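Spelled out from the first residue to the last, the chains are:
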Amino acid sequence: MLRYILNRTLRSILTVVIVFVTVFMLLRFMPLNGYFTDEMLKVSDEQTRMAYLRNQGLLDPPFSQLWRFVKNLFAGDLGRSLTVYPKVPITILLCEKIPVTAAFGAASLVLGMTLGLLMGMFMARYKERLGDTLGTFYVVFVRAVPSLIYLFFIQVWVSGVLKLPLVFYEDRPESWILPTICLSLGSIAWYAIWLRRFMVDEENRDYVKFAMVKGLSKKYVLRRHLFKNAIIPIAIYLPSDILFIISGSLIIESLYAIPGTGGLLTKAIQKQDNNLVQVIVLMYAILSVLGVFLGDLLVAFVDPRIRLTEDEG
Amino acid sequence: MKRTVSLFLAIVLLASLACACQGPASDPGVQPTDGVPSGTGAGEAQPTPPEQAEPLEYVDLYKTYFTSEYPSLNYYTTVYGGVRGLAANCVEALVEPDEYGLYQPAMALSWESNEDCTVWTFHLREGVEWVDHQGNPTGMKVTAQDYVDAVRYVGDPLNGAYSLRVVRDLIEGLYDYYWGLDDIDSGTDTTTVRADLVASFDETVGVKALDEYTVQYTLSASAPYFLSLIEGSMLLLPCEYSYVTEMGEDFGIDNQHMLYCGAYYLSTFERDKKIVMTANPHYWDKDSVTIRSIEQQRLGDTMTTLEMFKRGEIDECVVESEEYSSLLGTEWEKYLAPNSFSSSTNYLWLDFGSDNPEFNAFIHNENFRKALQHSIDRESIAYLREPVTPSRLVRNTIIAETLIYDDRGVDYTDYPGLAEIKATDYYDAGKARAYMEAAVAELCDASGSILGVDAATVDMLPVAQFDVDGKLPVTLLYVGTDDEAEILMAQLLEVMIEEAIGADLIDVQLAFATGGFYSTVADPLNYDVYYDSLSVPYGDPGSQLSRLTSDGAENVGYYEVPEYDALIEQALMESDIQKRYALFAQAEAYLVNGAYVIPFISSLRGYYMTRIEPYTGPLMQFGSIKYKGMRVSAQILTADQLAAISSAYEEKKADRLSGN
Amino acid sequence: MKSETVKNMDVLLRPEKFRAAVFDRTASEEGGFSNYSYWRSTIRTFFRSKFVVFIVALIGMLILMAFLYPALSKTDPGAISTNPMTWNKRPNADHWFGTDSIGRDIWARAWYGTRNSFLLAFFIACSDVGVGTVVGALWGYNKKMDPVMIEIYNVMTNIPSTVYLVLLAYIMNTSFLTLFIAMASRGWIVEARFFRNRILSIRDSEYNVASKCLGTPMRRIVSRNIIPHIVSLIIMETALVIPYSISSEVFLSFIGIGMPVDAVTLGNIVNQGRSSFALHPYQMLLPTAILCVITIAFYVIGNKFADASDPRNHV
């Protein structure tokens, strides 16, 4: 087991390094003018711009930039943002933004999982009856309709009817409600549809038929036997979901003016903020690899049938 | 009836304005309200403003919004407009405009300049202290040295000041100082020691502290407009050098890493969320500050601003033309007031070095350019932004009207040459066709082949790639951004030009660039025609016109007009205002008549609703805003009220300007 | 009793009633043969539900309309008007679904948009699933490739797509091809992993192991047991990737890496109508409705087909 974990860790680190170096090098292929906004380009001449770029260290060879970043990284310095928030230390930015997004992420994860799993169970229980159809309709609706449209509708119309604030205010708890609900709409659908699917699959298994034949009620079998088995393929994603509560939603954070991480990466890429992009990519790559790793461990832990290493069998 | 009411109202307003100017505005009878209780429905939330002419009630909290994030608060290095607004309020400039745009003392008590406006001396107010983000004095005084150090700070390439060109090229010696340092940094100059050059600043650069409270600027060219440059450029704001160097790169990353000496300080700065400006209790003119606190909150999507305004969460909102029609017939209609002015002008830029051989053959022909100039239905384009009276947006001159006045109070755009252009209605399909036919006669043979042009594939990637056949119709590539409104405008332009000139003679093709427009389209010349807007950065026609010379920074299409260059050069040397403006007007008229650039409308956008009483604060016309002296009404102002205030103001302004 | 039976048996089993059978290789293989055909059963099960018939008919009509309308109608979806009076018209006899903010006919735009988006989505689905199947099959069968492929998969799914999309947009013009490359550049690896997992599990599943032990040649296992399963998966995945591609085109347009903005696609129509949504909701009605129908229909078809292709659901 220890060997497995060690092996896995090394490979995870390799993945992260490859991802990071690839992105780091790709960023250095971006055009030099991309470091400036149109306003800056208009008010400055070529020489002034080159002077600026040189002073920012952007004209150094990519490998020396990489080396500098790695050296600073191990000294605990993530560098400063270049264009999105010029000169602002990235550590400060992340410390400001992550808590807000994580709070929303956690709330919506709890909400999405609770409602989604309940809904999935309900749909499986009443398979091919009205409840199932309604649930399927919800899932399909959330997936089919462009989210921009119903999110905007919720923000303006629902907030008007329920007398809730249009945007998020930290000091007004009621303003947290709508963004959280909006954030969890998708995950409710996701949990519901997959739990339903896995439960329906499990229903055809012999042990379920056996339990039913022995006279256990459907409700009891569903809850005591079926749910536990059906939840395992979902549980594998739980660590990733928990880790990724720190990545916000671009559209929802923009609509509700939430000062979080949503859209930070997109914005940084579009504005060619190399320093910010590489830190965020590094962070997300670590989280994602870690999430998959923890997911496997979790499943092996909760499901004794699963063995991670082949040679142990 | 309505007229008399509004007149009466205007008189009352003016009276109250006069009162407010004399004494402290915090009337004990006026209770600060928190606006409308939040979360209530739009319908009952708004108390209807009284129709009778009662004096307005004021509140001392102003709630507004911003849409794009504040990148940094360092006003020397940030070009973002919002930061200019903050800096103008938080850091006191030497002078400030009054409500008519005339300059009055701010940090400087008095000033004088020499005969040809190349040496400006300012005598500063004594005893003003820098305060921190809690409004506590820091013990550091604002002195003449702080104004000198501002120039020292921006003059060092390592500090990365943007929009530096005007100041760098104007202040004596600063240009050489800046490039001297840059040569050392880039390794071109290895003989000079950086510290030595930095130490030479006080001798070589034309800004000096004559004593603790007297600062003198020596300029390399005549600058009668220098006071408006102080208003328009953030780079001349004072800088407490010991503090700024101590902060280093941290200067301006948030409100705690800054110092304040203006009417307000930043008491709250939540990045991307909320900024609160609080009145500075140690401000030299604190009695004129009527709004105690200004809250700016971020709204990520402009679509929500109208709704936020309706719910009373913000005190002012822009109403786009589409929203305008949805408000007609509702209770909000009476508040819809037209935006009155924008100093920014929209131009069509023409590419004189185009890779498209057909267009390149034609663009150097004046008749062709005039055909384009006459083919654009300005009102139809303006309709996209202002559906009621689109003609308000039409602008044929480069410099905006009612912006720059000479010492007699005459508007620069009424000078000979420009007055005629201003009065011309350029859209005329018949003329456009006639000019085009004239151009065709000169440039094509009888069979419709363009002389000297062969079939070719035009490569303007990543923007566009297309084939031309060297025959009529002339292919013209119009490039726009992927912004929705601009797509509509481009498509409209295409139809318009082809209808006026005739599709047999011109074929407009459209392309839309994503990402940075300047770097993908304008700079690499990947266009034949595009549209852009420019606003006047300070109160001199030369601020704009000198950028449009053959080697000027804004001449993105690389036309060559030596006659224009000569006139501009002459005008820039002239220190007599009237002669100077006459020369500029002559040059501008030359450029527009030759259709080297085609100004067509102003950047004015639709309508607004507000609680701010207009013309109560300093009239800042060059990109920033000062809240000092401004008053926020407890009620939304109706369009009638605003119109009355505006007409009374215009009368008064005309008096003041001509009286000077 | 017993002897009577034996006697009867003797009568019944008289030698002259028997004939030596000729050894027939084909016949000997046909143990337990029925006239069961996998595909016929799948299709019969699929169409048994009236709802599915309705959905298939609906999507068929929609696609037919999307391809016939541009071919037959004379209305130009890009035809704009310089007369402001014809802008933002409500639905009327000339313009069944009104006009947009520059006088273009929404009815025509919606059909052109449907055709273009559908074509794009179809190509992307084919490339994703096509490349995905081939790579997935190789990946599943070649154990040596596995660690390398998993590494490639991890790296590719971890690099934010915006990074290379922005780079791509910088290198290439916004066009049908760019968008196709942008969208197809990563889908295949996800599909490949999916197929690799399925192939592994089918290959090692007990009935195939059993079949192998009984001496069934690999060729037969592949053609009879694996291919049908994979083909049904391919059809299902294609059906699911199509609506996904259409909606991600909407998103790409939102972040500015979509089709050329004057191209008529559902993504562009929805994005451009977004800002006027609050004021002229009717402008969004038709494009959104079509988008929903396509997404829902393909989703339902994909899932129902997956059910129908499961032999356990065959009767």
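Remember, predicted model here, so these are calculated numbers, not experimental data.

Rules and cut-offs
Residues numbered from 1 in each chain as written. Chains lettered and ligands numbered in written order. Predicted model: local features only at pLDDT ≥ 70, side-chain atom pairs only at ≥ 80, totals over all residues. Heavy atoms only, no water. Helix = DSSP H or I, 4+ residues; strand = E, 2+ residues; numbered from the N terminus. Rg over C-alpha atoms; globule rule 2.2 N^0.38 Å. Buried < 20%, exposed > 50% of the residue type's maximum accessible area, 1.4 Å probe, protein only. Contact = heavy atoms within 4.5 Å. Areas by Shrake-Rupley, 256 points an atom, 1.4 Å probe, with all protein chains shown as cover. Lys, Arg positive; Asp, Glu negative; His and termini not counted. Charge placed at Lys NZ, Arg CZ, Asp CG, Glu CD. Pairing = 2+ DSSP bridges. 1 Å grid on protein atoms, 1.4 Å probe; cavity = no way out; pocket = protein on both sides within 12 Å on 5 of 7 lines; lining within 4 Å. Points joined across faces, edges and corners; volume = space filled by probe spheres on them. Buried area = accessible area lost by both parts, 1.4 Å probe. Salt bridge = Lys/Arg side-chain N within 4 Å of Asp/Glu carboxyl O. Domains from an automatic or database assignment. Phe/Tyr/Trp six-rings, centres within 6.5 Å; stacked < 30°, edge-to-face > 60°. Lys NZ or Arg CZ within 6 Å of the ring centre and 35° of its normal. Core = buried A, V, L, I, M, F, W, Y, C linked by side-chain atoms within 4.5 Å. Axes fitted to C-alpha atoms, helices over the stretch in contact; angles between N-to-C directions. Expected span 1.5 Å × (residues − 1). Arc of directions from axis to C-beta.

*Asks:* I keep staring at the overall build of chain B and nothing clicks. Help me out?
*Replies:* Along chain B, the regular secondary structure elements total 23 helices and 25 strands. In terms of overall dimensions, chain B is globule-like: its C-alpha atoms have a radius of gyration of 26 Å, near the 26 Å expected for 660 residues. Structurally, chain B occupies a C-alpha span of about 85 × 75 × 45 Å along its principal axes. Burial status across chain B gives 59% buried among its 660 residues. The long-range share in chain B, meaning contacts at least 24 apart out of those at least 6 apart in sequence, stands at 71%. Surface exposure of chain B reaches about 24,300 Å², of which carbon and sulfur atoms provide 50%. Charge separation in chain B, taken as the distance between the mean sites of 42 positive and 103 negative side-chain charges, equals 6 Å.

*Asks:* So what exactly am I meant to see when it comes to the pairing of strand β17 (residues 456-460) of chain B here?
*Replies:* For a regular strand, the rule is simple: side chains alternate between the two faces of the sheet. Residue and element names in this part refer to chain B. As paired strands, β17 and strand β18 (residues 464-468) are joined by five bridges and run antiparallel to one another. Bridge pairing in β18 places V458 opposite F466. Following β17, the chain reverses through three residues before pairing antiparallel with β18.

*Asks:* Please clarify how empty space enclosed by the protein should be interpreted in this entry.
*Replies:* Remark: the empty space left among the atoms is shown by a probe the size of a water molecule rolled over them. All told, the structure shown has seven cavities of 30 Å³ or more when counted by the stated rule. In this structure, the largest cavity encloses a volume near 160 Å³. Residue lining of the largest cavity: twelve residues in total, with D100(C), R104(C), I269(C), Q272(C) and G273(C) positioned closest to the centre. Within the residue set of the lining of the largest cavity, elements represented by two or more residues are α18 (484-501) of chain B together with α5 (106-141) and α11 (266-274) of chain C. In terms of residue count, the dominant contributor to the lining of the largest cavity is α11(C) (three residues).

*Asks:* Help me understand the interface of chain B and chain A in this model?
*Replies:* How big an interface is tends to be stated in terms of accessible area lost as the parts join. Listed as interface residues are 48 residues of chain B and, on the opposing side, 47 residues of chain A. Between chain B and chain A, a total of about 4,100 Å² is buried, with carbon and sulfur atoms accounting for 52% of that surface. Sorting the residues of chain B by area buried against chain A places Y162(B), R271(B) and Y518(B) first, and these three jointly supply 15% of that buried surface. Between chain B and chain A we count eight salt bridges in total. Close ionic contact of K267(A) with E69(B) constitutes a salt bridge, the shortest N to O distance being 3.6 Å.

*Asks:* What's the story with the domain arrangement of chain B in this structure? I'm lost.
*Replies:* All names here are of chain B. Entries for chain B in the domain assignment read domain 1 (91-259) and domain 2 (345-602). Using C-alpha coordinates to define each centre, domain 1 is positioned 37 Å away from domain 2. Taken together, the contact pairs ten residues of domain 1 with twelve residues of domain 2. Surface buried jointly by domain 1 and domain 2 totals about 790 Å² across both partners, of which 62% is contributed by carbon and sulfur atoms.

*Asks:* Just to check I follow, could you spell out the packing of aromatic side chains for this structure?
*Replies:* Residues and elements named next belong to chain B. Throughout the structure, instances matching the rule amount to 58 aromatic pairs over all chains. For the ring pair Y177 and F201, a centre distance of 5.1 Å and an interplane angle of 70 degrees mean the geometry is edge-to-face. Taken together, the positions of Y177 in helix α6 (residues 174-186) and F201 in helix α8 (residues 201-204) put the pair 24 residues apart, joining distant regions of the chain. Judged on exposure class, the residue Y177 and its partner F201 are both buried. Here a set of aromatic residues connected by ring pairs shows up, and it is made of Y75, Y76, Y153 and F251. A cation over a ring is seen here: R152 above Y241, with NZ or CZ 5.7 Å from the ring centre.

*Asks:* How should the side chain of R84(B) be read in this particular structure?
*Replies:* Residue and element names in this part refer to chain B. Position of R84 among the secondary structure elements: in helix α3 (residues 81-90). Despite its burial, R84 pairs with no opposite charge, the nearest such side chain being E231 at 7.4 Å. Apart from the residues lying within four places of it in its own chain, the contact partners of R84 are V79, G232, M234, F622, G623 and S624.

*Asks:* In this structure, what is going on with the nonpolar core? I would like to understand it.
*Replies:* In summary, soluble globular proteins display a tendency toward joint burial of nonpolar side chains. Residue and element names in this part refer to chain B. If you look at the biggest cluster of nonpolar residues, it comprises 108 residues, and the most contacted ones within it are F362, F368 and Y478. The dominant element in this core, judged by the number of residues it contributes, is α18, at ten residues. Beyond its immediate chain neighbours, meaning those up to four positions away, F368 contacts F359, F362, I363, M436, A439, L476 and I506. Ranked by size, the runner-up nonpolar core spans 89 residues in total, among them L181, Y243, Y265 and I275.

*Asks:* Sorry if this is basic, but what is going on with the pairing of strand β2 (residues 61-66) of chain B here?
*Replies:* In terms of burial, β2(B) is largely enclosed, as six of its six residues are buried. Here β2(B) shows two buried faces, one formed by L61(B), K63(B) and Y65(B) and the other by Y62(B), T64(B) and F66(B).

*Asks:* Help me out: how do you make sense of the side chain of T295(C) in this one?
*Replies:* Structurally, T295(C) can be placed in helix α12 (residues 282-308). The contacts of T295(C), once residues within four sequence positions are left out, are R143(A), A144(A) and P243(C).

*Asks:* Looking at this structure, I do not really get the sheet that holds strand β19 (residues 474-481) of chain B. What am I missing?
*Replies:* Remark on secondary structure: sheet strands pair via backbone hydrogen bonds, oriented parallel or antiparallel. Residue and element names in this part refer to chain B. Taken in spatial order, the five strands line up as β20-β19-β21-β16-β22 in an open sheet, and their pairing is mixed. Pairing within the sheet leaves two strands with one partner each, and these edge strands are β20 (506-513) and β22 (597-602). Sheet twist, expressed as the average angle between the axes of neighbouring strands with direction ignored, equals 30 degrees. When strand β16 (residues 345-350) meets β22, the two strands line up antiparallel, connected through five bridges. Looking at the pairing, W349 lines up with V597 of β22.

*Asks:* What exactly am I supposed to notice about the sheet that holds strand β11 (residues 264-270) of chain B here?
*Replies:* Residues and elements named next belong to chain B. Across the sheet, which stays open at both edges, the four strands sit in the order β2-β13-β12-β11 with mixed pairing between neighbours. In this open sheet, the two edge strands, each paired with only one partner strand, are β2 and β11. Sheet twist, expressed as the average angle between the axes of neighbouring strands with direction ignored, equals 20 degrees. Direction of pairing for strand β12 (residues 274-279) relative to strand β13 (residues 293-298): antiparallel, over a ladder of five bridges. Bridge pairing in β13 links T278 to S293. Running at roughly 140 degrees to β11, α3 makes contact with β11, β12 and β13 of the sheet.

*Asks:* Sorry if this is basic, but what is going on with the environment of E202(A) here?
*Replies:* All names here are of chain A. Note that E202 resides in helix α8 (residues 177-203). Judged by relative accessible area, E202 falls into the buried class, the value being 12%. As for E202 and V158, which are separated by 44 residues in sequence, their C-alpha atoms are 39 Å apart. When near neighbours in sequence (up to four residues on either side) are disregarded, E202 contacts Y207, V208, L226, N229 and A230.

*Asks:* Teacher, can you tell me more about helix α4 (residues 62-74) of chain A here?
*Replies:* Three- or four-residue spacings in an α-helix give side chains the same orientation, since the helix completes a turn every 3.6 residues. Residue and element names in this part refer to chain A. Spanning 13 residues, α4 covers 19 Å between terminal C-alpha atoms, matching the ideal 18 Å at 1.5 Å per step. Turning to α4, its buried residues are Q65, L66 and F69. All buried residues of α4 project into a common sector of 100 degrees when viewed along the axis, lining one side. Opposite the packed face of α4, turned more than 90 degrees from it, sit the exposed residues F63, W67 and F74. Downstream of α4 by a residue or two, G76 has a phi angle that is positive, lying close to 85 degrees.

*Asks:* What should I look at first to understand unusual backbone geometry in this one?
*Replies:* Peptide bonds are trans in most cases, and residues, glycine excluded, mostly fall at negative phi. The omega torsion of the bond from L472(B) to P473(B) falls at -5 degrees, within 30 degrees of zero and hence cis. Structurally, P473(B) can be placed in the loop between β18 and β19. Phi at Q272(A) is positive, roughly 60 degrees, even though this residue is not glycine. Within the secondary structure, Q272(A) sits in the loop between α13 (264-270) and α14 (274-302). Residue classification places Q272(A) among the buried positions, given a relative accessible area of 6%.

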